[in-house]
Structure formats: C-alpha cells, structure tokens
Amino acid sequence: MTCFLYFQAIAKLTYSTSSQSDRGTVYYFRNLLNARNVKHDVKNSFRAYKTLYYTIFDAICCILFLREFDKHKMDDIINLPEGFENISNDEKIAWMNDICRRIVRKWFFDNTDDIFHAIRAVLKDPDHPENYWVDTDQDGRFKCHFCEKSYAFVGSLKTHESIKHRHTVSTEKKESKSLSKEETDELMNHVLLIFKLTALLKNLDTAIDMADGERSVRSAKYELPLFNKTNKLKYVIGCVHLIELSESTLNEQQRERLIANRTVNIQGGKNNNVAMDEYLEMLNRDSKNITSGHQTKESIIAHSKHFPHLINYVKHYDHISEIRGRKGFHRLPAYKIDVEKVAKELLEIRCFDYQPNRKLKCRDISVDNDIYQNAVKGLSTMIYRHKPQTPFSRLRNKKY
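Cut-offs applied
- Residues numbered from 1 in each chain as written.
- Predicted model: local features only at pLDDT ≥ 70, side-chain atom pairs only at ≥ 80, totals over all residues.
- Heavy atoms only, no water.
- Helix = DSSP H or I, 4+ residues; strand = E, 2+ residues; numbered from the N terminus.
- Buried < 20%, exposed > 50% of the residue type's maximum accessible area, 1.4 Å probe, protein only.
- Contact = heavy atoms within 4.5 Å.
- Areas by Shrake-Rupley, 256 points an atom, 1.4 Å probe, with all protein chains shown as cover.
- Lys, Arg positive; Asp, Glu negative; His and termini not counted.
- Charge placed at Lys NZ, Arg CZ, Asp CG, Glu CD.
- Axes fitted to C-alpha atoms, helices over the stretch in contact; angles between N-to-C directions.
- Parallel < 35°, antiparallel > 145°, perpendicular 65-115°, else oblique.
- Left-handed = near helix turned anticlockwise from the far one by under 90°.
- Pairing = 2+ DSSP bridges.
- Salt bridge = Lys/Arg side-chain N within 4 Å of Asp/Glu carboxyl O.

Engineer: Just to check I follow, could you spell out the overall build of the chain for this structure?
Structural biologist: In terms of helices and strands, the chain carries 16 helices and five strands. Counting only C-alpha atoms and orienting by the principal axes, one finds that the chain spans roughly 75 × 65 × 45 Å. Counting over 400 residues, the chain shows a buried share of 40%. Once local pairs closer than 6 in sequence are excluded, the contacts in the chain between residues at least 24 apart make up 67%. Summed over all atoms, the accessible surface of the chain reaches about 24700 Å², with 51% contributed by carbon and sulfur. Considering the chain, the positive charge centre built from 64 side chains and the negative charge centre built from 53 side chains are found 7 Å apart.

Engineer: What is the right way to look at the packing of helix 1 (residues 3-14) against helix 3 (residues 46-68) in this model?
Structural biologist: Contact geometry of helix 1 with helix 3 gives a least axis separation of 11 Å together with a crossing angle of 60°. One finds that helix 1 runs oblique with respect to helix 3. As for the relative orientation of helix 1 and helix 3, their crossing is left-handed in sense. In this structure, helix 1 contributes Cys-3, Phe-4, Phe-7, Ile-10, Ala-11 and Thr-14 to the contact, and helix 3 contributes Phe-46, Tyr-49, Lys-50 and Tyr-53.

Engineer: Looking at this structure, how should I read the environment of Ile-56?
Structural biologist: Checked against the element boundaries, Ile-56 lands in helix 3. C-alpha separation for the pair Ile-56 and Ile-77, spaced 21 residues apart in sequence, amounts to 22 Å. Not counting residues up to four positions away in its chain, the partners in contact with Ile-56 are Val-26, Phe-29, Ile-194 and Val-342.

Engineer: Looking at this structure, I do not really get the environment of Ser-156. What am I missing?
Structural biologist: Residue position: Ser-156 is located in helix 6 (residues 154-164). The class for Ser-156 is partly exposed, based on a relative accessible area of 32%. It is 52 Å that separates the C-alpha atoms of Ser-156 and Arg-23, two residues lying 133 residues apart in sequence.

Engineer: So what exactly am I meant to see when it comes to the sheet that holds strand 1 (residues 137-138) here?
Structural biologist: Each strand in a sheet pairs with its neighbour through backbone hydrogen bonds, running either in the same direction (parallel) or in the opposite one (antiparallel). Sheet architecture is open: three strands sit in the order 1-2-3, paired in antiparallel fashion. Of all the strands in the sheet, just strand 1 and strand 3 (150-151) have a single pairing partner and so form its edges. Pairing of strand 2 (residues 141-143) with strand 3 involves two bridges; the strand directions are antiparallel. Residue pairing in the sheet places Lys-143 in a bridge with Ser-150 of strand 3.

Engineer: Help me out: how do you make sense of the pattern of salt bridges in this one?
Structural biologist: Close approach of charged atoms allows side chains of opposite charge to pair. One pass over the full model with this rule turns up 21 salt bridges. Here Arg-102 makes a salt bridge to Asp-98, at a shortest N to O gap of 2.8 Å. Of this pair, Arg-102 and Asp-98 are both found in helix 4 (residues 89-108), four residues apart, which corresponds to roughly one turn of the helix. Exposure remark for Arg-102: the relative accessible area of 39% places this residue in the partly exposed category. Judged by its relative accessible area of 33%, Asp-98 falls in the partly exposed class.

Below you can see the structure in the form of structure tokens.
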C-alpha cells in the first residue's frame, strides 16, 4: 500500500479543523506555522500534509532525546561521555543507537516487546467473541458448538444456533482501563499517538524511497488494523490480499517477484522510487483526463494513441516553448526553524509531563495512546473472508 492511503487513515484519527484552540494538536501547529498549503482533503495536498506531520514528528523526537538527558530547553548543552571525541565513529554511532533504542522502547512500544499483543491475543483466542464463528471452520464447513450438525455457510450456522439452541453471541464489552477518565492525560496521549503513527508512516515512506520491498510488505501488517479501525474496507482487503500472497499463497519465485516489484523509479537517482500502485494511479488519472468525453471504444483507442506524444510534449515543454531560463524559484519554508518552533511549543505546554484530567476541547480526534485500541472489531472475519484462494484473485469467500 502507498503512503498516501495510509496517511488518509492517520489524518482521520489525528487531524480536525475543530482543534484550532487545543495547543499541541496538528491543526494548531498548522496555524502556528502558517502552513496554508495544508488544506482540504489529504488527497488534494498530500506533500504539504506530510511535511507538517514530519515537522511535528522531528520536534517530538528532539524533545524525547532531551528528556533522556534530563534537559528541558532546546538550547541546553548535552553532556557527552568522557573521552567521546577520542572514540571511533562506529562507537559514536553505537552510543547514539543505544539512546534511540531506549527512546523507541519506552515511548513507542510502551516498554513492551510486542505492540500487537492486544490484537494477537484476540486473533489467537478461539473463545473470543470475534472468533466465535470463524473458529468452527473444519474442512470448509462450520460445525455447531452444541451439536454435531455442520453447515456450508456461517449465516446458516448462526440461524441454526439462534433457533435451535437459543444462543446469540454477545457483543464484546470494552475492557476497563487501568486509569479512569478523570485520570487520563488526553493531550499527552494525543501527542504520543501522532508520534507512533508518523513513525510508522516514515518507515513505509523510506521503504518505498529505498525500494525495500520486504519492509514495504511487512508494513502492511501495521496498516491493516488501522484501516479496519477507520472503516477503510477497500484498503483492509488490499492489505489482507498482500500479506496472504507474500506469506502463503505464492510459491517462492512468485513471492520474490511480488516483493521486488513494489516500486518504480521514473526519474533516476538513488532513493527516488515511487510505489507501483501510486504510479499506476497517476497513469490512470492521466489516461482518464486525455480520453474524457470519448465514451466509445473506437474513440478511446484513437485518442489513447496520442498519449505517448502528450507525455513527450510535457517532458520537453521548456525546449518546445523556447524557454531560456527559470521564471521564478519555489522556496520551501525553513524546516529547521519550523521544527524548533514546534519543539519549543511542546516544551512550553509540557506535553510529556503527565497531568491528570488534562482534556482536549475537540472530540473529533483520537486520544487513545494505544494505536491499535479498538482496531480488532470485525478484523478476523475480514481476514477469513478475503483471503485469496488462488494467486492474484480478489474473490470474496461467500461462506463467511
């Protein structure tokens, strides 16, 4: 999946124009940095949204790095180990990596070994309400929990247990949190949620830039629960399909081809790759634009023959138009200054100092610290329903 699709889910959880008065939210920083190009939907200004989120992410990283040394200001001097200037570069990198490892373990993984522990516990528990029906699958048939009858479809089994055994599956109640609503710090949870989601986005983004197919496919496992949580069912199906193909459905040769062909480089150079599905969407968009108004098969074929000439014209527009020099320069904002401004704001509001009962006025953005909380509802059914039975087929399993 592309960064764009994943970013839509992130923005749905963390971005709201109603949060302009809540210090520490994404829209508040959008106004603080005067990022006027961040507007409307993510699909209309994806690069601008990504720059804003990366600015906030880098500012959070700076603050967490300072906290490791018990510093509370951006201009505080960090005390390096004695004799640091005399050690080798590899030792300096190892020292830095050790600090980063502690930060990631503490603030991203919450001092746990597995951020999927909640979802894994549900999917592996046959007695969990989410798996009550799908767990009865035996050789393509669904066995009744109370008698020896079996059915070809889950719907038939539900009807049988409801009528014959008077049994209905109760909806799962949310587990009681260790902290009550009055003791939660919504601002701190929200900032940590932004940190975790943007870290996953940056991991996918760099994997695509570097054409790292293995990491790109593995990232789909992290995206799947979030797409399910934000009700983006088409993307849920895409993640299920990709994961199943790469892990069980395809043979070794097909698997290697699928993983290796996740990106395409259309401009040359290192780390300039584009996700293959994003590139196909670009071609699809241009093809629809060039053939708009021509609905018959003959007219579409005739106009599609002009498409390569149009691409060639766009690439050599300056030469054809005899443009001798640049008419202007597009200047990006000073990224370092923006990061420092966001970091100072976060330090001023003490976002990482736990303050009970600190609330956000806007209720449209998520304040769950656990990024996968409430992301498992209906997930097991979606996985079983859309597992590809044969390679590269997206036929829904009608039995589920």
